[in-house]
Amino acid sequence: MAERKSKKSVESDLLPEFSEAKSHLLKAQKEFLLAVRSVLDKAIERAEDVAKKQKRKTIKKVEIK
């Protein structure tokens, strides 16, 4: 039975001049995803802060005359 080449080696055999570019693109994609995660974390923190403020506003002391 013939041995099967891995996908990575087939890609680098077909387009060896783009192997470095592919590495850069993967790193850029990772950085983009990290940035998205950072934005989402900040949005979650803000939503939690708003929820805490709303809870504080609903608890009030009422005086009966």
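That block above? That's the structure.
Summarised in this report is the structure supplied together with it.

Reading guide: rules and limits
- Residues numbered from 1 in each chain as written.
- Predicted model: local features only at pLDDT ≥ 70, side-chain atom pairs only at ≥ 80, totals over all residues.
- Heavy atoms only, no water.
- Helix = DSSP H or I, 4+ residues; strand = E, 2+ residues; numbered from the N terminus.
- Areas by Shrake-Rupley, 256 points an atom, 1.4 Å probe, with all protein chains shown as cover.
- Salt bridge = Lys/Arg side-chain N within 4 Å of Asp/Glu carboxyl O.

### Some points on the overall build of the protein
And then number 1: When you go through the protein residue by residue, the secondary structure sums to two helices and zero strands.
And then number 2: Surface summary for the protein: the accessible area is close to 7100 Å², and the carbon and sulfur share equals 60%.

### Points about the pattern of salt bridges
And then number 1: In the structure shown here, the tally under the stated rule is one salt bridge.
And then number 2: We note a salt bridge from K42 to E45, for which the minimum N-O separation is 4.0 Å. Residue K42 and its partner E45 are located together in helix α2 (residues 19–58), separated by three residues, close to a single helical turn.

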